[in-house]
Amino acid sequence: DPSGTFVQLRLGLAQTACRKRAPQRHCRVVENRRRPTCLACYKFNTSDVPKVLDKYHNCGPSHHLAAKEIRQRDEAECRAVEEAGKGGDTLYLPGMFAFSRGLPT
């Protein structure tokens, strides 16, 4: 894509029995715990030193939404990230333009 590189990651998290203060290489996964799934979408520009044009990340389910609704929202957010930097219809964000009031004539 000439507007940049789009990256989408899906990560599964699991709780372990290791302590934070004493990290170990081989940690036992705690059974019967929630295993949230994280989705991250990033769009980088094509310059020599890539910069993030847009990003979205969500870890774990929201308790008030069904899994299907979460998946649909995540897909829509990632599509918006993928479109970042492309010409044409650009997204308006508050603060993109500044206007000043002219003096009375």
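Scroll up for the structure.
These lines cover the structure that appears in this document, whether it is placed above or below. Given the structure is predicted, the values throughout are model-derived calculations rather than measurements.

**Comments concerning the sheet that holds strand β2 (residues 37-44)**
Here we have 3 strands laid out as an open sheet, ordered β1-β2-β3, and antiparallel in their pairing. Two strands lie at the open edges of the sheet, namely β1 (5-12) and β3 (52-59), each paired on one side alone. Between one strand axis and the next, the sheet turns by 10° as a mean value, whatever way the strands run. Here β1 runs beside β2; their pairing, made up of 8 bridges, is antiparallel. By the bridge assignment for β2, Thr5 is matched with Phe44. Lying on the sheet, helix α1 (residues 67-82) is in contact with β1, β2 and β3; it crosses β3 at an angle near 170°.

**Structural notes on the pattern of salt bridges**
Considering all chains together, one arrives at 1 salt bridge under this definition. Between Asp74 and Arg73 there is a salt bridge, with the nearest N and O atoms lying 4.0 Å from each other. Residue classification places Asp74 among the buried residues on the basis of a relative accessible area of 8%. Judged by relative accessible area, which is 29%, Arg73 ranks as partly exposed.

**Some points on α1**
Helix length check: α1, at 16 residues, gives a terminal C-alpha distance of 22 Å against a target of 22 Å (1.5 Å per residue), a fit within 8%. Among the residues making up α1, those that are buried are Ile70, Asp74, Cys78 and Val81. Mapping the buried residues of α1 onto a view down its axis gives an arc of 65°, with all of them on the same face. Buried residues in α1 make contact with β1, β2 and β3.

**What about the state of the cysteines?**
Going through the model one piece at a time under the given rule, you end up with 3 disulfides. Here Cys18 engages in a disulfide with Cys27; their sulfurs sit 1.8 Å apart. Taking the sign of the S-S torsion, about -110° here, the bridge from Cys18 to Cys27 comes out left-handed. With relative accessibility at 27%, the residue Cys27 sits in the partly exposed group. Two residues, Cys41 and Cys78, share a disulfide whose sulfurs are 1.7 Å apart. Between Cys41 and Cys78, the disulfide has an S-S torsion of 70° and is therefore right-handed. Placement of Cys41 in strand β2 and of Cys78 in helix α1 is noted, with a sequence separation of 37 residues between them. The connectivity of the disulfide-linked cysteines in the chain, indexed sequentially, is 1-2, 3-5, 4-6.

Rules behind the numbers
Residues numbered from 1 in each chain as written. Predicted model: local features only at pLDDT ≥ 70, side-chain atom pairs only at ≥ 80, totals over all residues. Heavy atoms only, no water. Pairing = 2+ DSSP bridges. Helix = DSSP H or I, 4+ residues; strand = E, 2+ residues; numbered from the N terminus. Axes fitted to C-alpha atoms, helices over the stretch in contact; angles between N-to-C directions. Contact = heavy atoms within 4.5 Å. Salt bridge = Lys/Arg side-chain N within 4 Å of Asp/Glu carboxyl O. Buried < 20%, exposed > 50% of the residue type's maximum accessible area, 1.4 Å probe, protein only. Expected span 1.5 Å × (residues − 1). Arc of directions from axis to C-beta. Disulfide = S-S within 2.5 Å.

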